[in-house]
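Residues per chain are reported as follows:
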Amino acid sequence: MGFLAYEAGRLFERQPAMPGGVPDAIFGIYDWVIAFDHGSGEAILMADLWPEADGQGNRDRVLALLATPEPRRVDTPLALDWQSNFTPAAYRAAVAGVIEAILAGDLFQANIAQRFTASLGAGFDPWAYYERLRAANPGDFAAYLAFGDLAVASSSPERFLKVTGDRVETRPIKGTIARDPDPAIDAARAAALLASEKDRAENVMIVDLLRNDLSRVCRPHTVEVPALCALETYAGLHHLVSTVTGQLEAGRDALDAVAAAFPGGSVTGAPKPQAMQVIAQTEQVARGVYCGSIGYLGFDGSADFNIAIRTVTFTQGQASFHVGGGITALSDPVAEHEETLTKAARIFAASGARADEAAE
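Everything numeric in this text was worked out from a predicted model, so none of it was measured. Note that residues are indexed from 1 along each chain, following the sequence as it is written. Whole-chain, interface and lining totals are the exception, using all residues; otherwise, since this is a predicted model, local features are given only for residues with pLDDT of at least 70 and side-chain atom pairs are given and counted only at 80 or more. Each side-chain value is derived from all of the structure's non-hydrogen atoms; neither hydrogens nor water enter the calculation.

## Re the overall build of the protein chain
In step 1: Looking only at helices and strands, the protein chain has nine helices and 18 strands in total.
In step 2: Over its C-alpha atoms the protein chain spans a radius of gyration of 21 Å, differing by no more than 12% from the 21 Å that the globule rule assigns to 360 residues.
In step 3: Each residue's exposure class comes from its accessible area (1.4 Å probe, protein chains only) as a fraction of the maximum for that residue type: buried when under 20%, exposed when over 50%, partly exposed otherwise. Looking at the protein chain residue by residue over its 360 residues, the buried ones come to 49%.
In step 4: If you take every contact in the protein chain between residues at least 6 apart in sequence, the share linking residues at least 24 apart comes to 70%.
In step 5: When the accessible surface of the protein chain is split by element, carbon and sulfur atoms take 55% of a total near 16800 Å². The secondary structure listing takes helices from DSSP runs of H or I that are at least 4 residues long and strands from runs of E that are at least 2 residues long, numbered from the N terminus. Radius of gyration: over C-alpha atoms. The globule rule applied is 2.2 Å multiplied by the number of residues raised to the 0.38 power. Only heavy atoms enter the contact rule, under which two residues are in contact if any of them lie within 4.5 Å. A 1.4 Å probe and the Shrake-Rupley method give the accessible areas. Residues count as covered only by the protein chains that appear here.

## A closer look at the pairing of strand β12 (residues 224–233)
In step 1: Strand pairing follows a simple DSSP-based rule, namely that at least 2 bridges must link the two strands. Relative to strand β13 (residues 237–247), β12 runs antiparallel, the two being bridged by six bridges. Pairing of Glu224 across the sheet is with Thr245, part of β13.
In step 2: What sits between β12 and β13 in their antiparallel hairpin is a turn of three residues.

## Focus: helix α7 (residues 272–283)
The α-helix advances 3.6 residues per turn, and as a result positions three or four apart in sequence lie on the same side.
In step 1: Helix length check: α7, at 12 residues, gives a terminal C-alpha distance of 16 Å against a target of 16 Å (1.5 Å per residue), a fit within 8%.
In step 2: Here α7 has its buried residues at Lys272, Ala275, Met276, Val278, Ile279, Ala280, Thr282 and Glu283.
In step 3: Residues of α7 that are buried make contact with α2 (88–103), β6 (109–119), α5 (197–215), α6 (254–261) and β14 (269–270).
In step 4: Looking one or two residues beyond α7, the residue adopting positive phi is Gln284, at roughly 60°. By definition here, a helix of n residues has an expected span of 1.5 Å times n minus one.

## Some remarks on the packing of helix α3 (residues 126–136) against helix α8 (residues 333–350)
In step 1: Look at α3 against α8: their axes get within 8 Å of each other, and the N-to-C directions meet at 135°. By the angle class used here, α3 and α8 are oblique. Helix-helix and strand crossings are classified by hand; for α3 and α8 the assignment is right-handed. Contact residues: α3 offers Tyr129, Arg132, Leu133 and Ala136, while α8 offers Arg346, Ile347 and Ala350.
In step 2: Three residue categories are used. Nonpolar comprises Ala, Val, Leu, Ile, Met, Phe, Trp, Tyr, Cys and Pro, charged comprises Asp, Glu, Lys and Arg, and polar comprises the others, including Gly. Residues that form the contact of α3 with α8 fall into these classes: five nonpolar, no polar and two charged. Only the contacting stretch of a helix is used when fitting its axis, a line to C-alpha atoms as for every element, and angles between N-to-C directions run 0 to 180 degrees. Oblique is the label for any angle not covered by the other classes, which are roughly parallel (under 35 degrees), roughly antiparallel (over 145) and roughly perpendicular (65 to 115). Handedness of each helix crossing follows the sense of rotation of the near helix against the far helix: counterclockwise by less than a right angle gives left-handed, clockwise gives right-handed.

## Here we look at the packing of α2 against α8
In step 1: Look at α2 against α8: their axes get within 9 Å of each other, and the N-to-C directions meet at 120°. With respect to each other, α2 and α8 are oriented oblique. Crossing geometry of α2 relative to α8 is assigned as right-handed. Residues Pro88, Tyr91, Arg92, Val95, Ala96 and Ile99 of α2 form the contact with α8, whose participating residues are Pro333, Val334, Glu336, His337 and Thr340.
In step 2: Looking at the contact of α2 with α8 residue by residue, the classes come out as seven nonpolar, two polar and two charged.

## Examining the nonpolar core
In step 1: Core analysis: the largest hydrophobic core is formed by 44 residues, its most contacted members being Ile112, Phe160, Leu161 and Val168.
In step 2: Counting residues per element, the ones that place at least two in this core are α2, β6, β9 (159–164), α5, α6, α7 and β16 (303–306).
In step 3: Ranked by the residues each element gives to this core, the list is headed by α2, at seven residues.
In step 4: Excluding residues within four positions of it along the chain, Ile112 makes contact with Tyr91, Val98, Val278, Ile279, Thr282, Glu283, Arg287, Val323, Gly324, Gly325 and Ile327.
In step 5: If you look at the next biggest cluster of nonpolar residues, it comprises 20 residues, including Tyr130, Ala319, Ile347 and Phe348. For this analysis, a nonpolar core means a set of buried residues of the types Ala, Val, Leu, Ile, Met, Phe, Trp, Tyr and Cys, connected via side-chain atoms within 4.5 Å.

## Some points on the packing of aromatic side chains
One pair of aromatic rings is described through two measures. These are the centre distance and the angle between the planes.
In step 1: Two rings belonging to Phe, Tyr or Trp (six-membered ring only in the last case) form a pair when the distance between their centres is within 6.5 Å. Interplanar angles under 30 degrees mark stacking, angles over 60 mark edge-to-face geometry, and anything in between is tilted. One pass over the structure, following the stated rule, counts 16 aromatic pairs.
In step 2: With centroids separated by 5.6 Å and ring planes inclined at 85°, the aromatic side chains of Phe86 and Tyr91 adopt a geometry described as edge-to-face.
In step 3: For Phe86, a relative accessible area of 12% puts it in the buried group.
In step 4: Through a chain of ring-to-ring contacts, three or more aromatic side chains come together here, namely Trp82, Phe116, Phe321 and Phe348.
In step 5: Sitting over the face of the ring of Tyr6, Arg287 holds its NZ or CZ atom 4.8 Å from the ring centroid. Criterion for a charge above a ring: Lys NZ or Arg CZ within 6 Å of the ring centre, and within 35 degrees of the ring normal.

## With respect to the state of the cysteines
In step 1: Any cysteine sulfur atom paired with another within 2.5 Å is treated as part of a disulfide. Applying the stated rule across the entire model yields zero disulfides.
In step 2: No disulfide involves Cys291; its nearest neighbouring cysteine sulfur is the one of Cys229, lying 19 Å away.
In step 3: A residue is classified by how much of its surface remains accessible, and Cys291, at 0% relative accessible area, is buried.

## Here we look at the environment of Gln277
In step 1: Tracing the chain through its elements places Gln277 in helix α7.
In step 2: On a C-alpha basis, the gap between Gln277 and Ala8 in space is 15 Å, while along the polypeptide they are 269 residues apart.
In step 3: Apart from the residues lying within four places of it in its own chain, the contact partners of Gln277 are Arg14 and Pro16.

## Topic: α3
In step 1: When we look at burial in α3, the residues that qualify are Pro126, Ala128, Tyr129, Tyr130, Arg132, Leu133 and Ala136.
In step 2: Turning to α3, the residues buried within the fold contact β7 (141–147), β8 (150–156), β17 (311–315) and α8.
In step 3: In protein, a polar contact means a hydrogen-donor-capable atom and an acceptor-capable atom, both N or O and within 3.5 Å, with residues adjacent in sequence counting only if both atoms are side-chain atoms; elsewhere, any N or O pair within 3.5 Å suffices. One side-chain oxygen of the residue at the start of α3 lies 3.0 Å from the amide nitrogen of Trp127, identifying that residue as Asp125.

## Details of the pattern of salt bridges
In step 1: Take a side-chain nitrogen of Lys or Arg and a carboxyl oxygen of Asp or Glu: if they are within 4 Å of each other, that pair is a salt bridge. Taken as a whole and judged by the stated rule, the model has 15 salt bridges.
In step 2: Here Arg10 and Asp24 are joined by a salt bridge, their closest N and O atoms 3.3 Å apart. Taken as a pair, Arg10 in the loop between β1 (2–4) and β2 (25–27) and Asp24 in the loop between β1 and β2 lie far apart in primary sequence, 14 residues in all.
In step 3: The salt bridge involving Lys174 is made with Glu202; its shortest N-O contact spans 3.6 Å. Residue Lys174 is located in strand β11 (residues 173–178), and its partner Glu202 is located in helix α5; the two are separated by 28 residues in the primary sequence.
In step 4: Given the relative accessible area of 5%, Lys174 is considered buried.
In step 5: The exposure class of Glu202 is buried, given its relative accessible area of 3%.
In step 6: Taken together, the salt bridges that share partners define one network made up of Lys174, Lys198, Glu202 and Glu336.

Have a look at this one:
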């Protein structure tokens, strides 16, 4: 289990080096795991039983740890003073520049993000922050990772790749609108998103890109789109989500699928190499874990990875996260900036800040 940073894309696509960031990849091999089945209510302890490993010892040590748990942490929220690497005007100008490149025929779409950073005070607890983030913004593909000085808190709603046997699935998100507490207004917003020409075109464009990516490692004529621009609703947002599936060729595995599709098309653009060049030229900073993938590779060949959006990184006394959106010829720079703040709102809330404060 671990992560691939966005900059690990240099392994698979031509991509310029960017300042800052985190290691391209960190993965750990874990010889015991506790899994909670929320459907059955069972807790399952899985320990490594390889001949050269001490599986029974693992079991006994874990049971001893569970018998003497540590005192529960006291969550003392510490407000973070988030600062963007773009002013609102500068972000709108960056979006306008990407639109010009699209109209000039350089590319069809690019995902452009702004980066927020904040200094961490003494006593800040990333795990407590993650608990608040999960409460404020539940995500189907959420994760918390801790590697020494580096911690990652993700509440991602998006799957990058799932591999089970020879079946591979990806679920790109393109199209977002904020929810409303009033049920009638909320339903109208969902309907507007479903009817949005711009959002549907953006989604279909990425579906075509991912069909092409998966076709590189899947058997001919097995790549399908069982769901196109389906509406999915989360705590604060409605999304358009598509599903693309395929059957891996004989001799191909999960790592081949990752190599064919990383970084995810929904967070780069189309064509992907050109989009990644535009992203680097526009953002001028490493993305790190953002728009990379967090997930696992199983000894049975299975794998499941998210797209690391709605993801905060804590390292060297600083917190950081990015929020962005797909820019097309139909994009409006003002609306695109507002969309980034909508996506960031619950990340801000989990740290005691408001979107309007952080945007100033």
